[in-house]
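# Summary of the model geometry
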Amino acid sequence: MSPNVEGPTHASAPSAPVLAAYSYCEAVTGTQARNFAYGIRLLPTDKRQAMSALYAFSRRVDDIGDGTLPPEAKLVRLEETRALLGRIRAEEVEEDDTDPVAVALAHAARRFPIPLGGLDELIDGVLMDVRGEEYETWEDLKAYCRCVAGAIGRLSLGVFGTVHTGGLGAPEAARADEYADTLGLALQLTNILRDVREDAANGRTYLPAEDLAKFGCSEGFHGDRAPAGADFAGLVHHEVRRARALFVEGYRLLPMLDRRSGACVAAMAGIYRRLLDRIEREPEAVLRGRVSLPTHEKAYVAVRGLSGLDARTISRQSTRRRI
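Residues numbered from 1 in each chain as written. Predicted model: local features only at pLDDT ≥ 70, side-chain atom pairs only at ≥ 80, totals over all residues. Heavy atoms only, no water.

## Some points on the nonpolar core
- Counting 99 residues, the largest nonpolar core has F57, I88, L119, F221 and F232 as the members making the most contacts within it.
- Counting residues per element, this core draws most heavily on helix α7 (residues 138–160), at 11 residues.
- Contact partners of F57, with chain neighbours within four places excluded, come to T81, L84, L85, I88, V101, L105 and L119. (Core = buried A, V, L, I, M, F, W, Y, C linked by side-chain atoms within 4.5 Å. Buried < 20%, exposed > 50% of the residue type's maximum accessible area, 1.4 Å probe, protein only. Helix = DSSP H or I, 4+ residues; strand = E, 2+ residues; numbered from the N terminus. Contact = heavy atoms within 4.5 Å.)

Here it is in structure tokens:
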């Protein structure tokens with residue numbers, strides 16, 4: 001994907017069936033992904049629609065992995081979804097197709113240079129979940145996170161496009177995909193920390209086994225308290241530091257985006273950074289229930305993103321690093 005794409009490749013207005021398909025995807029996004037929805041509401045209509053289509057397709061993949069079907073049936077469903085993605089890629093989905101998610105994503109892929117292979121990576125990541133894979137090291141977990149979250153960052157960049165701003169040279173701008181990928185990793189690691197007990201209840205462990213062993217947490221998390229003798233706070237603070245470093249690197253994407261796309265990314269990332277702050281302050285809260293932000297705090301983060309404050313701050317920090 002070119003790092004200089006600034007807008008849609010097709011400007012034609014969507015037909016009534018396509019608009020209906022986008023409306024369906026936006027409804028899915030609004031009800032199933034409140035943090036994500038807060039960010040994309042800052043986008044212009046065409047980009048918001050495309051991001052909703054990406055989310056709705058991604059949600060379908062995630063729901064297969066998280067559902068109650070036996071593993072063999074999940075594998076079949078995931079391969080069926082991959083086949084549908086192949087039809088979208090081949091432009092074989094008509095506007096009157098009965099699948100609104102396919103209709104919307106097909107239209108979005110004609111409008112924007114979306115690297116649809118990222119959705120194949122997402123399917124690969126969910127297949128890892130279905131097969132019950134666990135991760136010995138951070139490098140192992142990072143490979144999984146790149147599939148389920150880094151790929152979403154790169155897909156989103158296909159919708160956002162990038163712009164050259166003062167002080168950004170071509171080598172730096174060419175790293176936009178890398179920064180989008182890294183920001184996705186930061187969001188996913190925050191998710192893993194937030195959902196550690198919920199995942200344990202579903203028989204899943206994402207945190208690296210070597211980290212769990214280092215902090216005496218290898219027994220897992222099956223109650224509202226850490227295992228006896230475990231340094232759970234130490235484990236959480238270790239992973240928080242890792243996530244913060246990823247955020248710092250990933251935020252270098254912001255100056256490469258136009259104002260509204262940057263606001264969208266800043267809002268979504270800002271919400272997760274504040275979640276990380278809460279988790280850091282009270283690590284064992286994640287064992288008692290899902291940590292979340294109140295609506296007014298999310299609204300504040302969105303306004304901060306729309307003001308461009310985060311993008312300007314990161315731009316200044318990036319310039320200082322290059323001097």
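## Brief notes about the packing of aromatic side chains
- The tally for this structure, following the rule as stated, stands at 5 aromatic pairs.
- Judged by centre distance (5.4 Å) and plane angle (35°), the rings of Y135 and Y144 are tilted.
- Exposure remark for Y135: the relative accessible area of 4% places this residue in the buried category.
- Measuring from centroid to centroid gives 6.5 Å for Y135 and Y206, while their planes differ by 10°, and the two rings are stacked. Taken together, the residues Y135 in the loop between α6 (117–130) and α7 and Y206 in the loop between α10 (196–201) and α11 (209–214) connect sequence positions 71 residues apart.
- Ring pairing ties together the aromatic residues Y135, Y144 and Y206, which thus form one cluster.
- Geometry around Y251 places R273 over its ring, the cationic atom sitting 4.9 Å from the centre. (Phe/Tyr/Trp six-rings, centres within 6.5 Å; stacked < 30°, edge-to-face > 60°. Lys NZ or Arg CZ within 6 Å of the ring centre and 35° of its normal.)

## Overview of the pattern of salt bridges
- Inspection of every chain in the model, using the stated rule, returns 25 salt bridges.
- For the salt bridge of R48 with E26, the shortest nitrogen-to-oxygen distance reads 2.6 Å. Remark: E26 occurs in helix α1 (residues 16–32) and R48 occurs in helix α3 (residues 45–66); sequence separation between them is 22 residues.
- Looking at R48, the relative accessible area reads 22%, which means it is partly exposed.
- With a closest N to O distance of 2.7 Å, D277 and R244 form a salt bridge. One end of the pair, D277, is in helix α13 (residues 259–281); the other, R244, is in helix α12 (residues 232–250), and 33 residues separate them in sequence.
- Classification of D277 as partly exposed rests on a relative accessible area of 26%.
- One salt-bridge network, in which partners are shared between bridges, spans E79, R82, R89, D120 and D124. (Salt bridge = Lys/Arg side-chain N within 4 Å of Asp/Glu carboxyl O.)

## Examining helix α4 (residues 71–89)
- The end-to-end C-alpha distance of α4 is 27 Å, a good match for the 27 Å that 19 residues give at a rise of 1.5 Å each.
- Restricting attention to buried positions, one finds in α4 the residues K74, L78, T81, L84, L85 and I88. Buried positions in α4, seen along its axis, are confined to an arc of 110° and lie on one side of it.
- In this fold, the buried residues of α4 make contact with α3, α5 (100–111) and α6. (Expected span 1.5 Å × (residues − 1). Arc of directions from axis to C-beta.)

## Structural notes on the confidence of the model for the protein chain
- With 87% of its residues at a pLDDT of 70 or more, the protein chain shows a mean pLDDT of 87.
- Across residues 1–7, confidence stays below pLDDT 50; counting only partners more than four residues off in sequence or on other chains, it has 16 contacts. (pLDDT = per-residue confidence, 0-100.)

## A few points about α6
- Here α6 spans 20 Å end to end across 14 residues, near enough to the 20 Å set by a 1.5 Å rise per residue.
- Buried residues dominate α6, accounting for 11 of its 14 residues.
- When α6 is considered as a whole, its buried residues turn out to be G118, L119, D120, L122, I123, G125, V126, L127, M128, D129 and V130.
- In this structure, the buried residues of α6 make contact with α3, α4, α5 and α7.
- Taken from the residues just after α6, G132 is the one with a positive phi, measuring 70°.

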